Amino acid sequence: MVTIPPQPWPTGLAEAVEPLVRRVLAPNPSPYTFTGTQTYVVGPDDGPDCAVIDPGPNDAAHIDAIIAAIAGRTVVAIMCTHTHRDHSPAAAPLSDLTGAPIVGCAPLVLSTDLPRSDESFDTTYAPTRVLADGEAMRGTGWTLTAVATPGHTSNHLCFALEESGALFTGDHVMGWSTSVVVPPDGDMGDYMASLEKLMAREDVRYHSAHGAAIEKPRQLVRGMIGHRRQRENQILRLLGERSRPVSGFIPDMYKGLDPRLIGAAEMSVTAHLIDLERRGMAARDAEVWRVA
Ligand SMILES: [Zn+2]
């Protein structure tokens, strides 16, 4: 069950979450964003430069708050984990204001005509430079290395702060909820592989785009892998009972679901079914799924 902290949330403040990191919460709470998107400013307070991770929605008050958190330092890079609309639209205006390049995830080319498949994507995103897995951005006293983590979106990156062992996880791993995987860009097989990739790392703490810092990260990731396997087994069991369309899984799998999240739940089930189909365990006849 999701516990939402009491309002007011610390929107607009530059909270120090560890010595090299300040967090600025955007005013965009929703069932998909929890209390809102968290932008991170990385670099020593008394240093000459910093980076901004996930600048968030293009909201004037939020951009003012990021500028205040930058506190006159040179911005070496504006870094985006992925291009959902709650993450990257402030990159361009912030780049105009600071002169900083936009660096990080690749732009997405969505080659599909499925309805609504791209409504949640920021199509204005235009990076100066795309980081490959393992490539780093550096400033005075900080290093951020890209960790490719496709799944939530195909272009998702995490960023590792080498000096402290923290990992900025974007929407790949969040403390408040499991990640939503929406096909066709979202891919459950990739998502599981990206969770396993984090299990193999030694990060000491996660800062995600939504929700509190995660202090026992591998314990959480292990739980998320277990949760997805459980969901997969549940889907296979329900398919074994009878063939059904995606909507036919929801009442059995998500008891007491917030009606606003039914669409997300259906997307998640679809992502599992596509993954099972690829692995030869499920098949479909038009809209109806069955055991392969
Ligand atoms: Zn996202």
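The coordinates are above.
Residues numbered from 1 in each chain as written. Predicted model: local features only at pLDDT ≥ 70, side-chain atom pairs only at ≥ 80, totals over all residues. Heavy atoms only, no water.

Quick word on unusual backbone geometry
Glycine aside, a negative phi is what most residues show, and trans is what most peptide bonds show. A cis amide bond links Q7 to the next residue, P8, at an omega of 0°. Along the chain, the position of P8 falls in the segment before strand 1 (15-18). One non-glycine residue, F34, lies in the positive phi region at around 60°. Looking at the secondary structure, you find F34 in the loop between strand 2 (21-25) and strand 3 (38-42). Although it is not a glycine, D54 sits at a positive phi angle of roughly 50°. Relative to the elements of secondary structure, D54 occurs in the loop between strand 4 (49-53) and helix 1 (60-70). For D54, a relative accessible area of 2% translates into the label buried. (Helix = DSSP H or I, 4+ residues; strand = E, 2+ residues; numbered from the N terminus. Buried < 20%, exposed > 50% of the residue type's maximum accessible area, 1.4 Å probe, protein only.)

Some thoughts on the packing of helix 3 (residues 188-199) against helix 4 (residues 217-241)
Between two packed helices, what matters for the description is the angle formed by their axes and the separation of those axes. Closest axis-to-axis distance for the helix 3/helix 4 pair is 9 Å, and the angle between their directions is 150°. Our classification of the angle between helix 3 and helix 4 gives roughly antiparallel. The element helix 3 and its partner helix 4 pack so that their crossing is left-handed. In contact with M188, Y191, M192, L195, E196, L198 and M199 of helix 3, helix 4 contributes R218, V221, R222, M224, I225, R228 and R229. Residue composition of the contact of helix 3 with helix 4, by class: 9 nonpolar, no polar and 5 charged. (Axes fitted to C-alpha atoms, helices over the stretch in contact; angles between N-to-C directions. Parallel < 35°, antiparallel > 145°, perpendicular 65-115°, else oblique. Left-handed = near helix turned anticlockwise from the far one by under 90°. Contact = heavy atoms within 4.5 Å. Nonpolar A, V, L, I, M, F, W, Y, C, P; charged D, E, K, R; others polar.)

A short note on the sheet that holds strand 4
If you walk across this open sheet you meet the 7 strands as 1-2-3-4-5-6-7, and the pairing is mixed. The sheet terminates laterally at strand 1 and strand 7 (129-130), the two strands that pair on one side only. Here strand 2 pairs with strand 3 via 5 bridges, running antiparallel. Opposite V24, over in strand 3, you have T39 as the bridge partner. Across the sheet, helix 1 lies against strand 2, strand 3, strand 4 and strand 5 (74-80), angled at about 165° from strand 2, the strand it touches most. Where helix 2 (residues 91-98) meets the sheet, it contacts strand 4, strand 5 and strand 6 (102-104), and its direction lies at approximately 170° from that of strand 5. (Pairing = 2+ DSSP bridges.)

Some thoughts on the coordination of the zinc ion
Bound to the zinc ion are the protein donor atoms H82 (NE2), H84 (ND1), H152 (NE2) and D171 (OD), situated 2.2 Å from the metal. Sequence spacing among the residues donating to the zinc ion works out to H-x1-H-x67-H-x18-D. Taken together, the residues span a long stretch of sequence, with H84 in the loop between strand 5 and helix 2 and H152 in the loop between strand 9 (142-148) and strand 10 (157-161) at a distance of 68 residues. Looking at H152, the relative accessible area reads 7%, which means it is buried. (Donors = N, O, S within 2.8 Å, 3.2 Å for Na, K, Ca; no water.)

A word on the pattern of salt bridges
Applying the stated criterion across every chain, the model contains 17 salt bridges. A salt bridge links E15 to R23; its shortest N-O distance comes to 3.3 Å. E196 is the salt-bridge partner of R229, the closest N and O atoms lying 3.1 Å from each other. You can see R229 sitting in helix 4 and its partner E196 sitting in helix 3, a full 33 residues away along the chain. (Salt bridge = Lys/Arg side-chain N within 4 Å of Asp/Glu carboxyl O.)

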